[in-house]
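Each chain, written out:
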Amino acid sequence: MSHTFTIGQLSEATQTPAATIRYYEKIGLLESPSRSGSNYRLYGSEDVARLTFVRRAREIGFTIDQVRSLLAFSDQGDGDCCAVTAMTERHLAEVEQKIRDLNLLKEHLSRLLASCRGGRFADCRIIDALTPPHEVS
């Protein structure tokens, strides 16, 4: 016999907020659960496994659409995992680009901070760098 969980128990078991669980149901990542006689959502161990899969995929930055694809691949079971590999390679490339962008941002902010000499707001180099140049009419 399969164990049943309320939304609170599922939330605790998967470390996922109840609001997120309801959202995942709404967008179809989780199936709508059965209901108890008093209309409480009831989940099974397969829901725990699926939600854990979704949570782990989201933690490593896969988008909702990518998670949807990963779930579809997982549900097929016997397909070739080349599509999963390709998706993961694209995701890694995106992460590497974000890291490059963040490093550039870090350098820019470091230069701004290094230019700061303190003093009044009117003389602040950081505010000057953020202020658009004045147009002459």
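Residues numbered from 1 in each chain as written. Predicted model: local features only at pLDDT ≥ 70, side-chain atom pairs only at ≥ 80, totals over all residues. Heavy atoms only, no water.

Describe in detail the overall build of the protein chain, supporting the description with residues and values.
In terms of helices and strands, the protein chain carries six helices and two strands. The order of α-helices and β-strands along the protein chain, N terminus first, is α-α-β-β-α-α-α-α. Computed over the C-alpha atoms, the radius of gyration of the protein chain is 24 Å, more than 25% above the 14 Å expected from 2.2 N^0.38 for a compact globule of 137 residues. By its C-alpha atoms, the protein chain is 75 × 40 × 30 Å across when sized along the principal axes. Taking all 137 residues of the protein chain together, 22% fall into the buried category. (Helix = DSSP H or I, 4+ residues; strand = E, 2+ residues; numbered from the N terminus. Rg over C-alpha atoms; globule rule 2.2 N^0.38 Å. Buried < 20%, exposed > 50% of the residue type's maximum accessible area, 1.4 Å probe, protein only.)

Which residues make up a nonpolar patch on the surface, and what are the values?
A contiguous nonpolar surface patch, about 240 Å² in accessible area, is contributed by Leu92, Val95 and Ile99. With respect to the helices, strands and loops of the structure, Val95 is situated in helix 5 (residues 82-115). Residue class for Val95 comes out partly exposed when judged on its relative accessible area of 31%. (Patch = residues over 30% accessible without salt bridge, like charges linked within 9 Å, V, L, I, M, F, W, Y side chains within 5 Å. Areas by Shrake-Rupley, 256 points an atom, 1.4 Å probe, with all protein chains shown as cover. Salt bridge = Lys/Arg side-chain N within 4 Å of Asp/Glu carboxyl O.)

Lay out the UniProt feature "domain: HTH merR-type" (unreviewed entry) in the protein chain with the relevant residues and their values.
Per the UniProt record, "domain: HTH merR-type" (unreviewed entry) is found at residues 4-73. With 60% helix and 6% strand, residues 4-73 has end C-alpha atoms that lie 26 Å from one another. (UniProt positions renumbered as here; feature names shortened; annotations may be inferred.)

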